[in-house]
Amino acid sequence: MTARAADRTRYDRATAHLDAPVAVVDLEAFDSNADDLVRRAGGKPIRVASKSVRCRALLERVLARPGFAGIMSFTLAESLWLARSGFDDVLLAYPSADRAAYAELAGDPKLAAAVTVMVDDPAQLELIDAARSGGTEEIRVCLELDTSLRLLGGRVRVGALRSPLRSPGQLAELARSVERRPGFRLVGLMAYEGHVAGVGDSVAGRPLRSRAVRLMQAAARRELAARRAEVVRAVRAVAPGLEFVNGGGTGSVQHTAAEAAVTEIAAGSGLYVPRLFDNYTSFTGRPAALFAQPVVRRPGVGVVTVLGGGYPASGAAGPDRLPVPYLPEGLRYDPQEGPGEVQTPLLGSPADDLLIGDKVWFRHAKAGELCERFDELRLIEGDRITATVPTYRGEGRTFL
């Protein structure tokens, strides 16, 4: 029996009393992935990206492990909710225009001490001030550096369209704006190199593309390491009390951690290891988060149909954004239908061994987005469910 077949046996046994659809997290794989992230971080703390987990119980579990400290959140409303729940170090990774939430933040000393907001434009500071509604608490601020790689004199850009701040001078100028403005304190700097941390460099059947990605990423790491160090020096000259410099992502943990200027690493997807992380040479994780759909039809030889399953991931549309049939091994989508809103035909010889009511296990393309489809996660140890915990959605929290 292969390791994957053994996992299928465990998951089927653990959930035999449950009807699908059902979502699970294999805690042995989750903890093993956490250990691997810590090993790759080389002693630097890992700030957990909540968007990749979206379950308070699992955030608490990983933050209780040595090597993890703090949360990187994705909306201001989520940040305040987490701070009220007892998480005392929450970095909002994206600028916000949520005026009501800013008013809450500025009016509550506990929230203001726990939450750091992201800024890359003086207009964001003005928006926060206008939203204070009488609140006088000092707002903790982090600046974001654009990490994109520019080639051919800037005519070619590789990387996400995020912050407009690129040079040490630009970051230092905004740092001075924060320092001069009453009611704000500059505490951090963030730089997320998504074109390195979030792009697979070993795509099956694409050797030339994979080599090109590896060459691009090597050049991007060199350029960013030098520029990030210069930016940190420039910002620290303005704000000597800077508390942290955050960088990285699951796919680049060990590379980013090697930079002396970086004090902490961000990661989250590497805990669940969704399908997009199968194409990396920098690490190998264990799939920990899966969902099962029930077989409801047998249209013919080599075909079964499962209920639902059309859970595409965000990003540029394409086959790599679709969930992948995982267990039993050997199933594939009908290219004319793909994963559907209410039913999904699956092709392959394993279909002939599946009966009505059997489960087919899938992996989502991305990590935390799976939790937007399920109210609960069943936590599996061995071949038993040892806990059932709510997702953000299960707690009535749909932040985006």
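Our structure is the block above this text.
Residues numbered from 1 in each chain as written. Predicted model: local features only at pLDDT ≥ 70, side-chain atom pairs only at ≥ 80, totals over all residues. Heavy atoms only, no water.

A. Quick look at the pairing of strand S10 (residues 244–247). Along S10, one buried face is formed by Phe244 and Asn246 and the opposite face, lined by Val245 and Gly247, is buried too. By the bridge criterion, four bridges tie strand S9 (residues 184–191) to S10 in an arrangement that is parallel. Along S10, the bridge assignment pairs Leu189 with Val245. Pairing analysis gives two bridges linking S10 to strand S11 (residues 264–267), with the strands arranged parallel. What sits directly across from Gly247, in S11, is Ile265. (Buried < 20%, exposed > 50% of the residue type's maximum accessible area, 1.4 Å probe, protein only. Helix = DSSP H or I, 4+ residues; strand = E, 2+ residues; numbered from the N terminus. Pairing = 2+ DSSP bridges.)

B. Molecular detail of the sheet that holds strand S4 (residues 90–92). Ordered by their spatial adjacency, eight strands build a closed barrel running S2-S3-S4-S5-S6-S9-S10-S11, and the pairing between neighbours is parallel. Strand-to-strand twist in this sheet, taken as the mean axis angle between neighbours without regard to direction, amounts to 30°. Contacts from helix H4 (residues 76–84) reach strand S3 (68–73), S4 and strand S5 (115–119), with the element oriented near 165° to S5. (Axes fitted to C-alpha atoms, helices over the stretch in contact; angles between N-to-C directions. Contact = heavy atoms within 4.5 Å.)

C. Examining the nonpolar core more closely. Ranked by internal contacts, the top residues of the largest apolar core, which has 93 residues, are Leu58, Val117, Val141, Leu143, Tyr272 and Leu377. If near-sequence neighbours (up to four positions away) are discounted, Leu143 is found in contact with Met118, Val119, Leu171, Leu174, Ala175, Val178, Leu186, Gly188, Leu189 and Met190. Among the nonpolar cores identified, the runner-up in size contains twelve residues, and Ala14, Ala20, Val24 and Tyr326 belong to it. (Core = buried A, V, L, I, M, F, W, Y, C linked by side-chain atoms within 4.5 Å.)

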